[in-house]
Amino acid sequence: MVGAFLVLGAVFGGLTACDASGSAHGERVIESDADKTTGLRTDMAPMVTRFHRFGELVDAQWVLHWPGGARELIPSNEHPMFVVLHLKPGQVKRLLDGRRTEPAKKLVFAPDDLPHGGDIPASLVPYLPADAAWVLAPELDEVLVRARNTATVQYDPVSDTALVFCVNPRDPDEVGQTVDTSGKTTLTTPSPFVPPS
């Protein structure tokens, strides 16, 4: 009987890794879609699915860091993702309007072929504004980004840029269901969010 619950847990637990198209396998990272040296990607579809609460994306650059150069599935339950989102003009100011903000620490960059921790992959440097005054708005992090662990977002209102560091981002509006090994079902419902006008 315990074995049956473990199987059910594996089946329903896998559902939480589904992408917006319903694929239980996530999205395959195809090497031809990424820079062979750095893993830098610019395809928009995965970013629109996961970060649409930020507002209209103009473009995005992102790196899913895989030590040793291996690239597998998105979302990843273990590996950090670094994302630069360029938003429609005025969108960052609207997101931050009326919210408490604080200055962010100075960005630290690391070579793409080394483990980063929270350091930003060097391949993203050309896509970040050189004179950005990054700020944090912690109350927005969980509202805008639904990730396995916590997400950290930094904003530059002048350039309408957001810099996201997270693990296993998903569609923040998707209802998730998991079944643990004892057979208990848990529904995860999205945090309410009203896009700024």
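Colleague: How would you explain the packing of aromatic side chains if you had to name every residue and give the values?
Modeller: Evaluated as defined, the whole model comprises three aromatic pairs. Measuring from centroid to centroid gives 6.5 Å for Phe-54 and Tyr-155, while their planes differ by 40°, and the two rings are tilted. Residue Phe-54 is located in the loop between helix H2 (45-51) and strand E2 (57-64), and its partner Tyr-155 is located in strand E9 (residues 152-156); the two are separated by 101 residues in the primary sequence. For the pair Phe-54 and Tyr-155, one class covers both residues: buried. Measuring from ring centre to ring centre gives 5.0 Å for Phe-82 and Phe-165, while their planes differ by 40°; the resulting arrangement is tilted. A residue pair is termed long-range when its members are at least 10 positions apart, and Phe-82 in strand E4 (residues 80-87) and Phe-165 in strand E10 (residues 161-167) qualify at 83 residues. Linked through ring pairs, Phe-51, Phe-54 and Tyr-155 together constitute an aromatic cluster.

Colleague: Describe the sheet that holds strand E5 (residues 102-103), naming the residues involved and giving the relevant values.
Modeller: On the basis of which strands lie adjacent, the open sheet formed by six strands has the order E2-E4-E10-E9-E8-E5 and antiparallel pairing. In this open sheet, the two strands that pair with only one neighbour each are E2 and E5. Bridge count for strand E8 (residues 135-136) against E9 is two bridges, and the pairing is antiparallel. Paired with Val-135 across the two strands is Tyr-155, which belongs to E9.

Colleague: Which residues make up the nonpolar core, and what are the values?
Modeller: Membership of the largest hydrophobic core comes to 27 residues, with the highest contact counts inside it found for Phe-51, Phe-54, Leu-85, Val-145, Tyr-155 and Val-164. Counting residues per element, the ones that place at least two in this core are H2, E2, E4, helix H3 (91-96), helix H4 (138-144), E9 and E10. Those residues in contact with Phe-51 that sit more than four places away from it in its chain are Leu-57, Val-83, Leu-85, Val-145, Val-164, Cys-166 and Pro-169. In terms of nonpolar packing, the next biggest core, distinct from the first, is built from twelve residues, Ala-104, Ile-120, Leu-128 and Trp-134 among them.

Colleague: Outline the pattern of salt bridges, supporting the account with residue identities and numerical values.
Modeller: Inspection of every chain in the model, using the stated rule, returns five salt bridges. The shortest N-O distance in the salt bridge between Arg-99 and Glu-139 comes to 2.9 Å. One end of the pair, Arg-99, is in the loop between H3 and E5; the other, Glu-139, is in helix H4, with 40 residues separating them in the sequence. With a relative accessible area of 43%, Glu-139 lands in the partly exposed category.

Colleague: Please provide a residue-by-residue account of the confidence of the model for the protein chain, values included.
Modeller: For the protein chain, per-residue confidence averages 78 on the pLDDT scale, and 72% of positions sit at 70 or higher. For the stretch residues 1-26, pLDDT sits under 50, and the model shows 32 contacts to residues farther than four places along the chain or on other chains. Taken together, the stretch residues 69-73 has pLDDT below 50 and engages in 16 contacts with residues farther than four places along the chain or on a different chain.

Colleague: Talk me through the pairing of E9; I want residue IDs and the actual numbers.
Modeller: Every other side chain in a regular strand lies on the same face of the sheet, so the side chains alternate between the two faces. Counting buried residues along E9, four of its five residues qualify, which places the element largely inside the surrounding structure. For E9 and E10, the ladder comprises five bridges, and the chain directions are antiparallel. By the bridge assignment for E10, Thr-152 is matched with Phe-165. Linking two consecutive strands that pair antiparallel, namely E9 and E10, is a turn of four residues; a positive phi of about 55° is found at Asp-160 within it.

How each quantity is defined
Residues numbered from 1 in each chain as written. Predicted model: local features only at pLDDT ≥ 70, side-chain atom pairs only at ≥ 80, totals over all residues. Heavy atoms only, no water. Phe/Tyr/Trp six-rings, centres within 6.5 Å; stacked < 30°, edge-to-face > 60°. Helix = DSSP H or I, 4+ residues; strand = E, 2+ residues; numbered from the N terminus. Buried < 20%, exposed > 50% of the residue type's maximum accessible area, 1.4 Å probe, protein only. Pairing = 2+ DSSP bridges. Core = buried A, V, L, I, M, F, W, Y, C linked by side-chain atoms within 4.5 Å. Contact = heavy atoms within 4.5 Å. Salt bridge = Lys/Arg side-chain N within 4 Å of Asp/Glu carboxyl O. pLDDT = per-residue confidence, 0-100.

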